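This is what each chain is made of:
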Amino acid sequence: MVDIRLNATINGRKVSRDAKPHLRLLDFLRDDLNLTGNKEGCGAGECGTCSVFVDGVLMKSCLMPVAKAQGATVDTIESLAKSGELSVLQKAFHKAGASQCGYCIPGMVMAATAALRANPFADREEIKERLGGNICRCTGYQKIFDAVELARDVQNGRVPATALLETDTADGDVIGKSVRRIDAPSKVSGRLKYAGDMIMPGMLHVQVLRSPHAHARIVSIDTSAALAMDGVESVITAADVPGKDGFGVFVHDQPIMARDKVRYVGEAIAAVAAEDALTAKRAVAAIKVVYEQLAPVFDPDAAMRPGAPVVHDYAPDNITKHIPIRVGDVEAGFAASDLVIEESYSTQAIEHAYLEPEAGLAYVDHDDVVTVVSPSQNITHHRHMLARIIDRPISKVRFIMSPVGGGFGGKEDMIYQGMLALLAMKTMRPVRLVYTREESIISTAKRHPSRTTLRMGLMRDGRIRALAMRMVCDGGAYGLSTEGVMRKAAILAAGPYAIPNVQIDTFGIYTNNTPSGAFRSFGALQTQFATESQLDIAAERLGLDPFEIRRINAMRDGDMTHTKQKLGSVSLMRALDAAEQASGWESGAPAVRGPVRGDLGHDDVRPSVTLGTRFASSGAQEAAE
Amino acid sequence: MLICDEYLTPASLDEAFAAMERHRGRYRVVAGCTDTLPWAREGRAGDVEIPVLIDVTKIPELNERHVGDKRVRLGAATPIQRFLDDAALGRAMPAMPRCAVWFADDQIRAQATLGGNAVNASPAADATPCLEAHDAIVELASATGRRSMPLREFITGPGKTQLADGELLTGFECDAFPGYGGSFEKVGHRRSLVISVVCLAVMVKLDRDGKTIEDTRLAIAGIRPVPRRLREIEDLLRGKKLTGELLEEAADMPLDLVQSRSRQEYRRDVVRGFLVRGLIAAAKRAGASPDALTRELEAAYG
Ligand SMILES: Cc1cc2nc3c(=O)[nH]c(=O)nc-3n(C[C@H](O)[C@H](O)[C@H](O)COP(=O)(O)OP(=O)(O)OC[C@H]3O[C@@H](n4cnc5c(N)ncnc54)[C@H](O)[C@@H]3O)c2cc1C
Ligand code: FES
Ligand code: FES
């Protein structure tokens, strides 16, 4: 390799250093200069967490070979609050509550800085357009736009700088008040360290070998060539697990690396710890695995049929969990109904797409405590599971929760922490694994895809007499949170409605697809999608207003749920009123509206999206037209 | 991950050709790298080891820009963003600024080059249909000589061009259309950072009263292997009085444009809507007389 002698001005300081020719500017900043404020959310130009100024122009540093920065002036997020004093924009982000998990925020602040430099008077639409290259999964963007507008107005003297300060609240008097987030300054300045930003002296880099097959027996794994490579410290497989292997939120059916067979594409098979990530990558490529293909099953309904391929021996019917609920007598309820509607619904797998890909750092400390630092949403449970897997007393296992750059349920599973712990034990050195975005998508849990059939019996006046639902969910290759998701799905399936006769069955099924797991709303989405859609259909058939049919059936204070929980207070009616008012709802049955809705066009309805608002504000462009 | 042993940044064409000769069979040319780096990732090419990368963006000839009344010459390394910050260029190529706002995002546009867009030859590329509407000629050079050809001959299929081994794309020679109104219609899964499901470049020139179409250029992409000029529609419109009926007639021409394998019905609907909407927008920017097009028409296609 021919190193590049890079001379550049970075955050105001002259830098003259050798860099590997294949590095991207982002790698050079983060790994060589330890400027970790800007992040790598995707590595493919899609997210904007890596946005930095190059000669004053905002660029995505994951798309820029470091050689392009030769002679350039580069400014990262760290340049904005150099002496510790936040910039106006950073203060505005803090004030407006624009940072949540914070992982997108350094890039957002950079993009917002660029936007206001390009047009100090940009209106909200133009701000949106100019921030189009940066993605946030937490905030819904509104507070970010609020922050940019606030900063713009302060910069232009339209509002006083005091607007950026905290509104005083008396000590402890916070309930019902808008209080600033105390963690915001660390996020807007890029100083907060996520797991992938952390380094330790002597740290090794981990890469993982993943299965290309959905269902195959592992005949043999030959790691000798990988182990023989310079810079490779350790290679582990399931055979290295000292204790009782297996993790999962409910059933411990998943080994930390595939044991005897692989059950989905992307499943970890072996892990390498090496002096640098590139060496680890090359070692992974040198591991030889011999597979014997097994018949896979990808459809949950097919997996339930007799004779289907079996994913886990302990569950020959491929059922991970079946949750039945029975209230009253549904058949009698349907017989007594004026109208019975039967429909089917399906929902697809969804990726959480938190902006922070999984990352973790593990080490064995001076007291032999195996320590794992990771953005885990469930550290206590992980600690207990890991102790058993590595056969150490619980007092010798420690989990530290690093800042979570978005989780949404997707970081509840102990997908990689076991491998890290084992490698730290093997090498007695700190080890770090940082997922790529692709790895995160291929190997971690998704929202359960579902198929639901729903029968609903109603009286002419809109009262629901009976509801029967059967939902089959694709749980994928491992159990993860499936049991809990099926439980919640069943509990909430009939909605907040008082229905005398209810029959619900939810099934989580093993297949050879990517495992499904927790995702915010945890099962409620799938069943509620069916129930609420069906209520709209019922409203149309019965000539009722969709809000009205919900009010007619709403549970009231003191009602009992279908799973026998007595409700002290029910806020459904208030929620319906508020939603009806806020949406400017045009009341009436769905069928009474003509081709044009009467409730569109008021102030709160957004126009359809387009791009090009900047043309209206730039004189040069106007002249061009 | 893109792995190389050496990254070269030649400062002239001669230096570039010398490097290409020296590393024959072991190099790859890069410009903005916005196609090349995402390509070298898992799920696409995966980890790619290329011994030598040759970056052409510092070659002066590839950065030249001449904007005349009749012709525009653009170096291959021109970043897409230039169409937004060079007003004279925007006037000469009036659909291009509109295309540029829809192209990736503000940041990638600063890096992504026109030449890269053409050589990458994606069916969903946004700049190539615009260039096609300008009858762009591509200029090629190698150590042994130079040649040129129309863009429509240069791009032969998805990801395929006539670029020969040892050759560089140096620039584009385009017809200038000052005084035309331009528009660019695009739809993808979201606004920024998406590749086109359908995109359409439109330019319209009207007579002094803003009532008659003197000339028009249209090119469409995203729905077929290579961009396509819509000469049939241009011929239909040229010299006609600007009316809503005429634009709808143009959009209804039975051209069977959609060759994509997926979502054909949807794309056909979009193409029809885009044709009318794109023509309305371009005509308005060309100074259409206020009574030429009705409000209802604009609302229906807005
Ligand atoms: C997030 C994202 C969003 C995007 N959005 C869009 C979009 O909206 N519309 C769109 O059209 N594209 C889009 N792209 C694709 C890409 O940005 C464009 O195709 C861009 O024009 C490529 O130019 P480049 O200079 O970066 O190409 P490079 O990656 O440098 O090169 C691409 C190819 O062209 C060759 N090449 C480049 N220059 C020359 C030359 N002078 N001579 C010979 N060969 C050459 C290279 O060898 C390579 O094969 C997007 C990309 C990303 C990552
Ligand atoms: S855009 Fe660079 S990391 Fe996502
Ligand atoms: S705050 Fe934006 S991704 Fe979490």
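Residues numbered from 1 in each chain as written. Chains lettered and ligands numbered in written order. Predicted model: local features only at pLDDT ≥ 70, side-chain atom pairs only at ≥ 80, totals over all residues. Heavy atoms only, no water.

Caption draft 1: Local environment of the site of ligand 1. Close to ligand 1 lie 33 residues, the nearest being B:Val29, B:Ala31, B:Thr34, B:Asp35 and B:Thr113. In this structure, ligand 1 is bordered by residues of chains A and B. B:Arg28 has a polar side-chain atom sitting 3.2 Å from an oxygen atom of ligand 1. Between B:Asp35 and ligand 1, the recorded distance is 2.5 Å, taken from a side-chain N or O atom to an oxygen atom. Isolated, ligand 1 exposes 990 Å² of accessible area, and the fraction of that covered by the protein chains is 94%. Counting only elements with at least two residues in the shell around ligand 1, the list comes to β3 (27-30), α2 (36-39), α7 (114-120) and β12 (167-175) of chain B. Classifying every residue of the shell around ligand 1 gives 21 nonpolar, seven polar and five charged. (Near = heavy atom within 4 Å. Polar contact = N/O pair within 3.5 Å; in protein donor to acceptor, adjacent residues only side chain to side chain. Areas by Shrake-Rupley, 256 points an atom, 1.4 Å probe, with all protein chains shown as cover. Helix = DSSP H or I, 4+ residues; strand = E, 2+ residues; numbered from the N terminus. Nonpolar A, V, L, I, M, F, W, Y, C, P; charged D, E, K, R; others polar.)

Caption draft 2: Geometry of the packing of aromatic side chains. Overall, the coordinates contain eight aromatic pairs over all chains when judged by the stated rule. A ring pair is formed by B:Phe177 and B:Tyr180, whose centres lie 4.7 Å apart and whose planes are at 45°; its orientation type is tilted. Per residue, the accessibility class of B:Phe177 equals that of B:Tyr180, and both read buried. The side chain of A:Arg210 reaches across the aromatic face of A:Tyr435, ending 5.1 Å from its centre. Sitting over the face of the ring of A:Phe519, A:Arg447 holds its NZ or CZ atom 4.1 Å from the ring centroid. (Phe/Tyr/Trp six-rings, centres within 6.5 Å; stacked < 30°, edge-to-face > 60°. Buried < 20%, exposed > 50% of the residue type's maximum accessible area, 1.4 Å probe, protein only. Lys NZ or Arg CZ within 6 Å of the ring centre and 35° of its normal.)

Caption draft 3: Just helix α16 (residues 546-553) of chain A, in detail. Residues and elements named next belong to chain A. Most of α16 is tucked away: six of the eight residues are buried. Taken together, the buried positions of α16 are Pro546, Phe547, Ile549, Arg550, Arg551 and Asn553. The opening residue of α16, the one whose side-chain oxygen lies 2.8 Å from the backbone nitrogen of Phe547, is Asp545.

Caption draft 4: A look at the domain arrangement of chain A. The assigned domain composition of chain A is domain 1 (4-79) and domain 2 (314-350 + 446-549). Placing the centre of domain 1 of chain A and that of domain 2 of chain A at their C-alpha centroids yields a distance of 50 Å. (Domains from an automatic or database assignment.)

Caption draft 5: Inspection of the sheet that holds strand β5 (residues 52-55) of chain B at higher detail. Residue and element names in this part refer to chain B. With parallel pairing, three strands are arranged side by side in an open sheet as β2-β5-β3. Either end of the sheet is taken by a strand with one partner, and the two such strands are β2 (6-8) and β3. Across the sheet, the mean angle separating the axes of adjacent strands is 20° when strand polarity is ignored. The pairing of β3 with β5 spans four bridges and is parallel. Bridge pairing links Tyr27 to Val52 in β5. (Pairing = 2+ DSSP bridges. Axes fitted to C-alpha atoms, helices over the stretch in contact; angles between N-to-C directions.)

Caption draft 6: Fine view of the environment of B:Val270. All names here are of chain B. Relative to the elements of secondary structure, Val270 occurs in helix α12 (residues 264-285). Judged by relative accessible area, which is 11%, Val270 ranks as buried. Considering only alpha carbons, one finds Val270 and Pro97, 173 residues apart in sequence, at a separation of 22 Å.

Caption draft 7: Fine view of the packing of helix α3 (residues 105-118) of chain A against helix α5 (residues 142-155) of chain A. Residues and elements named next belong to chain A. The N-to-C vectors of α3 and α5 enclose an angle of 40°; their axes lie 11 Å apart at closest approach. Taken together, the axes of α3 and α5 are oblique relative to one another. In this structure, α3 crosses over α5, and the sense of that crossing is right-handed. Taken together, the residues of α5 that come into contact with α3 (itself represented by Ile105, Met108, Ala112 and Leu116) are Ile144, Val148, Ala151, Arg152 and Gln155. When its residues are assigned to classes, the contact of α3 with α5 shows seven nonpolar, one polar and one charged. (Parallel < 35°, antiparallel > 145°, perpendicular 65-115°, else oblique. Left-handed = near helix turned anticlockwise from the far one by under 90°. Contact = heavy atoms within 4.5 Å.)

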